[in-house]
Amino acid sequence: MNYHLTLIAILAATLTVGCATAATKTPAELNDLEIAHVAYIANNIDVRYAHLALAISDNPKIHEFANAMIRDHKAVNVQALALLEKLNATPQDNFLSKQLTGQSNELVNEMRQLSGAAFDARYADNELGYHKAVNDIVENSFIPNIENSEVKALFKKALAIYKAHEQHAEKMVASLK
């Protein structure tokens, strides 16, 4: 199963099944500190994928994209950590950050087995799907529910960057076909 389809399935399952019990949360029910942790983890996951791409791929387009992912996702995390420090707050681990980490470990293990055009296609396809799924949850579940105005502003700024990543990934996928 493609990682981005798995991510979308996880998000859909948590949105529908999450309402069954009071103890189970949905992404929309996460508090600001849980949302911050999910975002931090999601950024680190994409940086990890980018480092893998730089190590495995010889394709200049893949390298260009991967370097942009490292630069941009690290920059957002630096801003997020500075804001958390300013607010004297600590991100909180949660079900979604744990699920994302587990799924990313599986995908990295899968992609390590690939090389050449097969790796490039898998990386590009994943990046497109990953950005679509993350952008959707950030825009439709996180931003509407973030209470702190500074945190909300950072997420809106980051979303604009991630939407540009999604467009770049679409072009990358098309160029590899």
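Residues numbered from 1 in each chain as written. Predicted model: local features only at pLDDT ≥ 70, side-chain atom pairs only at ≥ 80, totals over all residues. Heavy atoms only, no water.

*Asks:* I keep staring at the packing of aromatic side chains and nothing clicks. Help me out?
*Replies:* Centre distance and the angle of the planes are the two values used to describe a pair of aromatic rings. For the coordinates displayed, the defined rule picks out four aromatic pairs. Judged by centre distance (5.7 Å) and plane angle (80°), the rings of Y49 and Y130 are edge-to-face. Placement of the pair is Y49 in helix α2 (residues 32–56) and Y130 in helix α5 (residues 116–142), with a sequence separation of 81 residues. Arranged with centres 6.0 Å apart and planes meeting at 10°, the rings of F119 and Y123 form a pair that is stacked. Of this pair, F119 and Y123 both sit in helix α5, separated by four residues, roughly a single helical turn. Linked through ring pairs, F65, F119 and Y123 together constitute an aromatic cluster. (Phe/Tyr/Trp six-rings, centres within 6.5 Å; stacked < 30°, edge-to-face > 60°. Helix = DSSP H or I, 4+ residues; strand = E, 2+ residues; numbered from the N terminus.)

*Asks:* How should the packing of α5 against helix α6 (residues 149–175) be read in this particular structure?
*Replies:* A pair of packed helices is captured by two measures, namely the crossing angle of their axes and the spacing between those axes. The contact between α5 and α6 brings their axes to 9 Å, and the two run at 155°. It follows that α5 is roughly antiparallel to α6 by the angle criterion. Remark: the crossing between α5 and α6 carries left-handed chirality. Between α5 and α6, the residues in contact are Y123, A124, D125, E127, L128, H131, K132, N135, V138, E139 and F142 and F155, L159, Y162, K163, H165, E166, A169, E170, M172 and V173, respectively. In the contact of α5 with α6, the residues fall into eleven nonpolar, three polar and seven charged. (Axes fitted to C-alpha atoms, helices over the stretch in contact; angles between N-to-C directions. Parallel < 35°, antiparallel > 145°, perpendicular 65-115°, else oblique. Left-handed = near helix turned anticlockwise from the far one by under 90°. Contact = heavy atoms within 4.5 Å. Nonpolar A, V, L, I, M, F, W, Y, C, P; charged D, E, K, R; others polar.)

*Asks:* Would you mind showing me how to read the environment of A68 here?
*Replies:* Counting through the fold element by element, A68 comes out in helix α3 (residues 60–86). For A68, a relative accessible area of 10% corresponds to the buried category. In this structure, the C-alpha to C-alpha distance between A68 and H168, residues 100 residues apart in sequence, is 9.9 Å. (Buried < 20%, exposed > 50% of the residue type's maximum accessible area, 1.4 Å probe, protein only.)

*Asks:* Looking at this model, I keep getting lost on unusual backbone geometry. Mind explaining?
*Replies:* Glycine aside, a negative phi is what most residues show, and trans is what most peptide bonds show. Even without a glycine there, the phi angle at N88 is positive, about 55°. By secondary structure assignment, the location of N88 is in the loop between α3 and α4 (95–111).

Just geometry here; none of it tells us what the structure is for.
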